[in-house]
Amino acid sequence: MTINIVLSRLDSGIDAETIPNEDGTYTIRLDKNLCREKALHELVHELKHIKSNDFESDLQTDLLERMGRESNFIEESFKGVNFYYHVCD
């Protein structure tokens, strides 16, 4: 699995978003104005969605968000995951 992490400006009120790509990879966009701690928190949150396969779920987005924020996510093994980091101005 490949995950591209992109730091760029996001719309107001959006700290992060995950985009499943047609080739089976994922792109996680983080607002580049977030402090390091908040960016890491948002990154872990988005990784939860990927690991939980939420993009294949029929559950409503707000329910998935609530479940993701309430779950106790300890760093899982990301063996076989390739991370690529990009900064966009």
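In the block above lies the structure referred to throughout.
Residues numbered from 1 in each chain as written. Predicted model: local features only at pLDDT ≥ 70, side-chain atom pairs only at ≥ 80, totals over all residues. Heavy atoms only, no water.

*Asks:* What am I meant to see in the pattern of salt bridges here?
*Replies:* Any two side chains of opposite charge can pair, so long as their charged atoms come close to each other. For the structure on display, the rule yields 3 salt bridges. A salt bridge links arginine 29 to glutamate 17; the shortest N-O distance between them is 2.5 Å. You can see arginine 29 sitting in strand E3 (residues 26-31) and its partner glutamate 17 sitting in strand E2 (residues 16-20), a full 12 residues away along the chain. Between lysine 38 and glutamate 42 there is a salt bridge; the shortest N-O distance is 2.9 Å. Of this pair, lysine 38 and glutamate 42 both sit in helix H1 (residues 36-51), separated by 4 residues, roughly a single helical turn. By sharing partners, the salt bridges in this structure join Asp15, Lys38 and Glu42 into a single network. (Salt bridge = Lys/Arg side-chain N within 4 Å of Asp/Glu carboxyl O. Helix = DSSP H or I, 4+ residues; strand = E, 2+ residues; numbered from the N terminus.)

*Asks:* Would you explain the pairing of E2 in this entry?
*Replies:* Every regular strand shows the same layout, with side chains that alternate between the two sheet faces. Both E2 and E3 contribute to a ladder of 5 bridges, which runs antiparallel. Residue pairing across strands places isoleucine 19 opposite threonine 27, the latter belonging to E3. The antiparallel pairing of E2 with E3 creates a hairpin that spans 5 residues between the two strands, and glycine 24 there sits at a positive phi of about 90°. (Pairing = 2+ DSSP bridges.)

*Asks:* I keep staring at the nonpolar core and nothing clicks. Help me out?
*Replies:* Soluble globular proteins tend to pack their nonpolar side chains together in the buried interior. Ile3, Ile5, Leu7, Ala16, Tyr26, Ile28, Leu30, Leu43, Leu47 and Ile50 together form the largest nonpolar core, which totals 10 residues. Breaking this core down by element, the ones donating at least two residues are strand E1 (2-8), E3 and H1. (Core = buried A, V, L, I, M, F, W, Y, C linked by side-chain atoms within 4.5 Å. Buried < 20%, exposed > 50% of the residue type's maximum accessible area, 1.4 Å probe, protein only.)

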